[in-house]
Amino acid sequence: MSEIATHKSPTWGKELRATTLLAAPLALANLLQAAIYIVDVIFIARLGEEPLAASGLAAGLFGLVVWTLASLVGAVAPLIAEAIGSRSTSFRPVRRATRMALWLAVIAGIGGMGFALLLDPAMRLTGQEPAIIGLANEYNQVIIFSLIPMLLSAALRNYVSALGRPVVATAITALGIPVNALANYAFIFGNFGAPELGLTGAAVATIITALVTLGAYVAIILINPALARYHIFYRFWRPDWKRLGIIIRLGTPIALTVTAEAGVFSAAAFLMGRIGAAELAGHIVALNIAALAFQVPFGVGQAATIRVGYHYGAREIEGIRLAGWVALAIGTGFMALTATAMVLVPEYLLLIFVDTADPKNAALVGFALQFLVLAAAFQLVDGVQAVAAGALRGVQDTRVPMWIAIFSYWVPGFGLALGLGFFTPLQGVGVWIGLAVGLACAAVLLTWRWMLRERLGLTARPL
């Protein structure tokens, strides 16, 4: 029986085991998802500095849209966990919540595609180079068609994970890596009889990967008895407006929280573009390394949402406490390791993305090495804020954490990035200092709110 579906007296040992069993495959799935994007970067980097910079700008906005709307749809996870934790004998709460999450994925995806098309005016307003604007637009106008299948997959991933089957998400995400690599190889360079599309070929590869991933989720859910028994596709056309409203109510602050964080990093990319192409390329590489490390505490935060939500549904106050603190310990411990690696062996990390021995990459590598030192400095606080936010979502506390995130990332965070980047000699280094300060502020405030959860009445589930 899945760990999520059992009721035991909570102890540190039991909760550590349960959280690890859930977090490990989720974190691995996140890493594999990041690896899919890394595959894109590796292939695009072979096209040159300008295509890499253009894809970075386009991916910055498109990634923001994906993360934001996937977080909106992902609000179904605590609802499923609460239903299971409450020992409900009916499959209806899980089925209807998942169905409405799928509805929301399509509706939000249509709107998100339109929003992603704002890339062109955003690049022109921020003064990007004309050649890069043209390349980025070509890439962006194709990749937006992958959004809806991505969001549908995100809803189904939350479904299988909340039911205690995160390995399914890991396996399906792993499938996407060779699919994406083969598609990139075919459509970027014109292999296997495919047209040679250059940078646009990378966008085509993303669409193919998204469709294959969605098809795999649907197939496994229909075939696996533990997942099929909820019949989430049964009477798919029937609305449940109340549950849709709950998902939107919980998910909107989560989405805005993600927007606040992802948005500040996207804005930082535009700042780097104003400073110089080499700085932007170095920033993209360093940020991808930091983002790769972040996938583990992000997975731990997802596990915290489910574990805390499970105890919240069962009205187990001690279980809520243990689930949150165990997750924070796991996330912080891992980020301490990655921060150490960024300080001690940054050159080896850069080899994931670029040939550090190639003279044409000298400027890019130099800037990336500077930025990695600062990335190491905020690894710990980045992990803490991600897990603390996940734990708070488990008790369905999303609104105040949203305001904490917006304030932290955009007032001290982006404010310092802008000031130090353009009004001091620090330039790109100053931008990264601002990012680190914003993350630290969020970590402190979110952890403080988690510590006050009982005093604030967050653990009192309505009858």
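Values in this document were obtained by computation on a predicted structure and should not be read as measured data.

Trainee: How should the overall build of the chain be read in this particular structure?
Mentor: Along the chain, the regular secondary structure elements total 17 helices and 0 strands. Expected size for 463 residues packed as a compact globule is a radius of gyration near 23 Å; at 21 Å, the chain falls within 12% of this value. If you line up the chain on its principal axes, its C-alpha atoms span 65 × 50 × 35 Å. Split into buried and exposed, the 463 residues of the chain put 59% on the buried side. Sequence separation of 24 or more characterises 83% of the internal contacts of the chain that already satisfy a separation of 6 or more. When the accessible surface of the chain is summed, it comes to about 18,100 Å², and 69% of that surface belongs to carbon and sulfur atoms. For the chain, the distance from the average position of its 29 positive side-chain charges to the average position of its 21 negative side-chain charges is 20 Å.

Trainee: Is there a simple way to think about the pattern of salt bridges in this case?
Mentor: Two side chains with opposite charge may pair up if their charged atoms get near one another. This model, assessed by the stated rule, comprises 6 salt bridges. For Glu 15, the salt bridge identified is with Arg 307, shortest N-O distance 2.9 Å. With Glu 15 in helix α1 (residues 12-45) and Arg 307 in helix α12 (residues 277-313), the pair connects residues that are 292 residues apart, well separated along the chain. Of the two residues examined, Glu 15 and Arg 307, each falls in the buried class. For Asp 240, the salt bridge goes to Arg 243, with nearest N and O atoms at 2.8 Å. Classification of Asp 240 by relative accessible area gives buried; the value is 9%. For Arg 243, a relative accessible area of 23% gives the class partly exposed. Here the residues in one salt-bridge network are Arg 96, Asp 240 and Arg 243, joined through shared partners.

Trainee: Help me understand the side chain of Gln 385 in this model?
Mentor: Structurally, Gln 385 is set in helix α15 (residues 362-394). Classification of Gln 385 as buried rests on a relative accessible area of 3%. Among the polar contacts listed, one links the side chain of Gln 385 to the side chain of Tyr 409, at a separation of 2.6 Å. Not counting the four nearest positions on each side in its chain, Gln 385 is found in contact with Glu 261, Phe 294, Tyr 409, Leu 439, Ala 442, Ala 443 and Leu 446.

Trainee: I'm lost on the environment of Glu 454 in this one. Help?
Mentor: Checked against the element boundaries, Glu 454 lands in the segment after α17 (428-451). Sequence separation between Glu 454 and Arg 321 is 133 residues, and the spatial gap between their C-alpha atoms is 9.4 Å. Filtering out sequence-adjacent residues up to four positions away, Glu 454 remains in contact with Ile 317 and Thr 459.

Trainee: Is there a simple way to think about a nonpolar patch on the surface in this case?
Mentor: Taken together, Val 343, Leu 344, Val 345, Tyr 348 and Leu 351 make up a surface patch of nonpolar side chains, about 530 Å² in accessible area. If you trace the backbone, Leu 344 turns up in helix α13 (residues 317-344). Residue classification places Leu 344 among the exposed residues on the basis of a relative accessible area of 63%.

Trainee: Which parts of the structure should I look at to understand the nonpolar core?
Mentor: For soluble globular proteins, the rule of thumb is that nonpolar side chains tend to be buried together. In terms of nonpolar packing, the biggest core is built from 119 residues, with Tyr 159, Met 342 and Trp 432 touching the most fellow members. It is helix α11 (residues 241-275) that provides the largest number of residues to this core, a total of 16 residues. Leaving out residues up to four positions away in the same chain, Met 342 has contacts with Ile 289, Ala 290, Ala 293, Leu 349, Leu 372, Ala 375, Ala 376 and Gln 379. Core analysis: the next-biggest nonpolar cluster, separate from the first, contains 26 residues, Leu 22, Ala 81, Val 308 and Ala 323 among them.

Trainee: How should I be thinking about the packing of α15 against α17 in this particular structure?
Mentor: For any two helices packed against each other, the geometry comes down to the angle between their axes and how far apart the axes lie. Where α15 contacts α17, the axes come no closer than 8 Å and their chain directions differ by 25 degrees. Considering the angle they form, α15 stands roughly parallel to α17. At the point where α15 passes α17, the crossing takes the left-handed sense. A per-class count over the contact of α15 with α17 returns 20 nonpolar, 4 polar and 2 charged.

Trainee: Would you take a moment to explain the side chain of Thr 447 for this structure?
Mentor: Note on placement: Thr 447 falls in helix α17. We classify Thr 447 as buried; its relative accessible area is 16%. Here Thr 447 is in contact with Trp 325, Val 384 and Ala 388, once residues within four sequence places are set aside.

Trainee: Please explain the packing of aromatic side chains as it appears in this structure.
Mentor: Remark: the centre distance and the inter-plane angle together describe each pair of aromatic rings, the angle taken between the planes. For the structure shown, the criterion picks out 11 aromatic pairs. A centroid spacing of 6.2 Å and a plane angle of 45 degrees characterise the contact between Phe 43 and Phe 189, whose relative ring orientation is tilted. Remark: Phe 189 occurs in helix α8 (residues 166-189) and Phe 43 occurs in helix α1; sequence separation between them is 146 residues. According to the relative accessible area criterion, Phe 189 is partly exposed, its value standing at 29%. Through successive ring pairs, a cluster of aromatic residues spans Trp 67, Phe 294 and Phe 298. Sitting over the face of the ring of Trp 450, Arg 453 holds its NZ or CZ atom 4.6 Å from the ring centroid.

Trainee: Could you clarify how one ought to interpret unusual backbone geometry in this entry?
Mentor: Residues apart from glycine generally show negative phi values, whereas peptide bonds are mostly found in trans. Even without being glycine, Phe 192 reaches a positive phi, approximately 60 degrees. Residue position: Phe 192 is located in the loop between α8 and α9 (199-223). Classification of Phe 192 by relative accessible area gives exposed; the value is 63%. In this structure, Arg 235 is a non-glycine residue whose phi angle is positive, near 50 degrees. Its place among the elements puts Arg 235 in the loop between α10 (225-228) and α11.

Trainee: Looking at this structure, how should I read the packing of helix α2 (residues 49-73) against helix α7 (residues 147-162)?
Mentor: Where α2 contacts α7, the two axes come as close as 9 Å, and the packing angle between them is 35 degrees. α2 and α7 meet at a crossing whose hand is right-handed. Packed against α2, whose contacting residues are Phe 62, Val 65, Val 66, Leu 69, Ala 70 and Val 73, the element α7 presents Leu 147, Met 150, Leu 151, Ala 154 and Ala 155 at the interface. For the contact of α2 with α7, a count of residues per class yields 11 nonpolar, no polar and no charged.

About the thresholds
- Residues numbered from 1 in each chain as written.
- Predicted model: local features only at pLDDT ≥ 70, side-chain atom pairs only at ≥ 80, totals over all residues.
- Heavy atoms only, no water.
- Helix = DSSP H or I, 4+ residues; strand = E, 2+ residues; numbered from the N terminus.
- Rg over C-alpha atoms; globule rule 2.2 N^0.38 Å.
- Buried < 20%, exposed > 50% of the residue type's maximum accessible area, 1.4 Å probe, protein only.
- Contact = heavy atoms within 4.5 Å.
- Areas by Shrake-Rupley, 256 points an atom, 1.4 Å probe, with all protein chains shown as cover.
- Lys, Arg positive; Asp, Glu negative; His and termini not counted.
- Charge placed at Lys NZ, Arg CZ, Asp CG, Glu CD.
- Salt bridge = Lys/Arg side-chain N within 4 Å of Asp/Glu carboxyl O.
- Polar contact = N/O pair within 3.5 Å; in protein donor to acceptor, adjacent residues only side chain to side chain.
- Patch = residues over 30% accessible without salt bridge, like charges linked within 9 Å, V, L, I, M, F, W, Y side chains within 5 Å.
- Core = buried A, V, L, I, M, F, W, Y, C linked by side-chain atoms within 4.5 Å.
- Axes fitted to C-alpha atoms, helices over the stretch in contact; angles between N-to-C directions.
- Parallel < 35°, antiparallel > 145°, perpendicular 65-115°, else oblique.
- Left-handed = near helix turned anticlockwise from the far one by under 90°.
- Nonpolar A, V, L, I, M, F, W, Y, C, P; charged D, E, K, R; others polar.
- Phe/Tyr/Trp six-rings, centres within 6.5 Å; stacked < 30°, edge-to-face > 60°.
- Lys NZ or Arg CZ within 6 Å of the ring centre and 35° of its normal.

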